[in-house]
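Chain and residue survey
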Amino acid sequence: MQIIMLGAPGTGKGTQGNLLSKHFGIPNISTGEILRSAVKQESPLGVKAKSFMDAGELVPDDVMIGIIRDRLREADCENGFILDGFPRTVPQAEALDHLLSAEEIDIEHVIALEVAEDALVMRLTSRRVCSVCGKDYNVVSDPPPADMKCRICGGEIIQRSDDNEATVTKRLDVYEEKTAPLKEYYEKQSKLRHVSGVGNVEEVQDRIREILHTL
Ligand code: AMP
């Protein structure tokens, strides 16, 4: 099964993609996570990507397409994959179609998670995340422990450097301008499935599973 999680920052692509990954036994590939890990390691990719990420801008298409090309060649993608945060532009989507058609693979479903913009600003600026295992917390709805140590792995819980209000606003603008047009792109391919991202994690997951199982 090949799935793309499409949606503005904060709609829950990562959380929902990870649950689908466990359910279907296929990897959830988050380009944001790949980049954050490169930034942490201060690799050449990380050094290049950091300024774009901190500004809420997109990392250039050629860099991102190269990352995905290499990642999809790994053995764990043999039975399918979930893409979380890629593609984010029409050129990236075209490059992905090109890459996959060479392997005679097709994207089956594009899950478009929908949440109103004012709720997204709130979700993102109140988000906290474990710097080790990536578990999400939220100072309003799921507060981290007082000592800021992750309940799952004990790692330090931090605020992502791009989750401040100015960068969040920029990221949402960039989404509208560059990524939202992908809905039309995948609508034309009859792959787009709209899902409300409002509600608790389990409710949203159930909606997605229902769509995947009934199609
Ligand atoms: P995310 O974790 O998906 O919100 O991504 C965090 C940041 O990484 C984005 O704001 C971009 O700067 C960068 N990024 C992640 N995926 C992509 C992509 N497919 N194309 C360009 N930039 C990306």
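Preceding this section is the structure that the text describes.
Small disclaimer: the values here were computed from a predicted structure and weren't measured. Note that residues are indexed from 1 along each chain, following the sequence as it is written. Per-residue local features of the predicted model are confined to residues with pLDDT of at least 70, and side-chain atom pairs are confined, for both listing and counting, to 80 or more; whole-chain, interface and lining totals are unaffected and use all residues. Neither water nor hydrogens contribute to the side-chain values; these are computed over all heavy atoms in the structure.

Glancing now at the pairing of strand S3 (residues 81–84). Side chains of S3 alternate between two faces, with Phe81 and Leu83 and Ile82 and Asp84 buried alike. Of the strand pairs in this sheet, strand S2 (residues 28–30) and S3 are connected by three bridges, and their pairing is parallel. In the strand pairing of S3, serine 30 is matched with aspartate 84. Accessibility here uses a 1.4 Å probe with only protein chains present; expressed as a share of the type maximum, an area under 20% marks a residue as buried, one over 50% as exposed, and anything in between as partly exposed. Here a strand is any run of E in DSSP of at least two residues, a helix any run of H or I of at least four, and the numbering for each starts at the N terminus. Here, a strand pair is defined by DSSP locating no fewer than two bridges between the strands.

This next bit is on the environment of alanine 166. Inspection of the secondary structure assignment puts alanine 166 in helix H7 (residues 165–179). Accessibility expressed as a relative area gives 59% for alanine 166, which makes it exposed. Counting along the chain gives 49 residues from alanine 166 to glutamate 117, while the straight-line C-alpha distance between them is 14 Å.

With that out of the way, let us pick up the sheet that holds strand S7 (residues 157–158). Read across the sheet, three strands follow the order S6-S5-S7 without closing on themselves; strand pairing throughout is antiparallel. At either end of the open sheet lies a strand with only one pairing partner, and these are strand S6 (136–138) and S7. Pairing geometry for strand S5 (residues 127–130) and S7, over two bridges, is antiparallel. Among the inter-strand pairings, valine 129 is bridged to a residue of S7, identified as isoleucine 158.

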